[in-house]
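What follows is the residue order along each chain.
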Amino acid sequence: MPQGSSQHPHRVVLVVDENSNPFEMSCAIEIFGLRRPELGRELYDFRLCAAEPLTRMRDGFFTLTGVAGLEAAEEAQTLIVPNRPDTDVPRSPEVLDVVRRAHARGARLLGFCSGAFTIAEAGLLDGRRAACHWMWAQSFRTRFPLVHLEPDVLFVDDGDILTASGSASALDLGLHVVRRDHGAEIANHVSRRLVFAAHRDGGQRQFVERPVPDVPDESLAPLLAWAQERLGDPLAVADLAERAAVSPATLHRRFRTQLGTTPLAWLTGERVALACRLIERGEERLDVVAARSGLGTAANLRARLRRVTGLSPSEYRRRFGPSAVGPVGAGMPVGARDEAATPGPS
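In short, a report on the structure. (Residues numbered from 1 in each chain as written. Predicted model: local features only at pLDDT ≥ 70, side-chain atom pairs only at ≥ 80, totals over all residues. Heavy atoms only, no water.)

### Some thoughts on helix 13 (residues 313-320)
So, step 1. All of the buried residues in helix 13 are Pro-313, Tyr-316, Arg-317 and Phe-320. When helix 13 is viewed along its axis, its buried side chains cluster within an angular range of 100° and face the same direction.
So, step 2. Against helix 5 (169-182), helix 6 (184-194), helix 10 (263-280), helix 11 (286-293) and helix 12 (298-309) lie the buried residues of helix 13. (Buried < 20%, exposed > 50% of the residue type's maximum accessible area, 1.4 Å probe, protein only. Helix = DSSP H or I, 4+ residues; strand = E, 2+ residues; numbered from the N terminus. Arc of directions from axis to C-beta. Contact = heavy atoms within 4.5 Å.)

### Digging into the nonpolar core
So, step 1. Counting residues in each nonpolar core, the largest one holds 33 residues, and the members touching the most others are Leu-79, Leu-109, Leu-125 and Phe-140.
So, step 2. Contributing elements (two or more residues each) for this core: strand 1 (10-16), helix 2 (93-104), helix 3 (115-121) and helix 4 (137-143).
So, step 3. Not counting residues within four places of it along the chain, the set of residues in contact with Phe-140 comprises Ala-116, Phe-117, Ala-120, Leu-125, Cys-132, Val-147 and Leu-149.
So, step 4. With 32 residues, the next largest nonpolar core counts Ala-184, Leu-235, Ala-290 and Ala-298 among its residues. (Core = buried A, V, L, I, M, F, W, Y, C linked by side-chain atoms within 4.5 Å.)

### Structural notes on the sheet that holds strand 1
So, step 1. One open sheet accounts for 6 strands, arranged 2-1-5-6-10-9; its pairing is mixed. Each edge of the open sheet carries a strand with a single partner, namely strand 2 (44-50) and strand 9 (155-157). Each strand of the sheet is rotated relative to its neighbour by a mean of 15°, with strand direction disregarded.
So, step 2. Relative to strand 10 (residues 161-164), strand 6 (residues 108-111) runs parallel, the two being bridged by 3 bridges. Bridging across to strand 10, Leu-110 finds its partner in Leu-162.
So, step 3. Most of the contacts of helix 5 go to strand 10, to which it runs at about 145°, and overall it touches strand 2, strand 6, strand 9 and strand 10. (Pairing = 2+ DSSP bridges. Axes fitted to C-alpha atoms, helices over the stretch in contact; angles between N-to-C directions.)

### Examining the pairing of strand 1
So, step 1. Within strand 1, 7 of the 7 residues are buried, which leaves the element mostly enclosed by the surrounding structure.
So, step 2. Taking every second residue as pointing to the same face, both faces of strand 1 are buried, with His-10, Val-12, Leu-14 and Val-16 on one and Arg-11, Val-13 and Val-15 on the other.
So, step 3. Examined bridge by bridge, strand 1 and strand 2 share 7 bridges and lie parallel to one another. Its bridge partner being in strand 2, Val-12 is matched across the sheet by Phe-46.
So, step 4. The handedness of the strand 1 to strand 2 crossover, carried by helix 1 (residues 22-33), is right-handed.
So, step 5. As judged from the 3 bridges shared by strand 1 and strand 5 (residues 78-80), these two strands associate in the parallel manner. By the bridge assignment for strand 5, Leu-14 is matched with Ile-80. (Right-handed = clockwise from strand over helix to strand, strands pointing away.)

### Quick notes on the side chain of Arg-84
So, step 1. The topology assignment puts Arg-84 in the loop between strand 5 and helix 2.
So, step 2. On the accessibility criterion, Arg-84 (4% relative accessible area) is buried.
So, step 3. In this structure, Arg-84 is in contact with Asp-17, Glu-18, Asn-19, Ser-20, Asn-21, Val-89, Pro-90, Arg-91 and Ser-114, ignoring residues within four places of it in sequence.

Note that all results are geometric; they support no functional claim without further evidence.
Next comes the structure, spelled out in structure tokens:
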């Protein structure tokens, strides 16, 4: 896959099609298109393109003008394919041809929400994993039976093709791509600018319509903030339950309801993220990283880091440490994809 550099940032191109969703377009612009001078370098070279000079957006909210033609997509290193709510309407042949050519030359493909339909219609998802919105899961399976649809996750990273399940999960996938390209520290910076979690545990099952409980559970936010300040301490699920003044079983139910994951999986994920940040900031002593992040031992750190990122600590340091020249678009090894897209073990 092509790689960017500090002189030539990785080029991301978003194709806008008739009746595309404005929200996902805005997510892409926010994550990949904004300048971030505080970082001292450009992360991406972002462009919009469309097949027509006037593109009517979803439900006629507005008409997009003044963007490049589809020829701009021919230079994309990452191509964000069109998504739109009328999933049964075929995409235009010229748009599908652009997607196929991008994939053939090694570009990375991203599909937000119904974008998986575009990639599947181009014939590029057969035998591969994908995510789409739960409302369209059955329709997707019927039309594309050879695709391994994962209906409960927020997004799927299948190497050079990545798909997000819904509108807001475009942010989850976008931040995952930033983390994959530039490391956890920069992804956290971008997420802080967004005021959005750098990594949301759980899957879209938590967002499927369900009856509202008579007495809603209290927010977990204060407990999560308290625990994040104490990751290096010997915290266990029982400690979290005691802090929340509930039983471990009640805490487990609240985590499942509000985050779609378990307390232990959340705690482990936060500790791995902290370990990544410590390595990126220059800490080379694995026992220190393990202790400060709450992972305990260097052996556990190695195992957890490899499971989440596919990299050993030394490999992670070379890619994202202070002296690294970030290989944008280098890609996450196959073994790390499942862990990046789905919750950890309970």
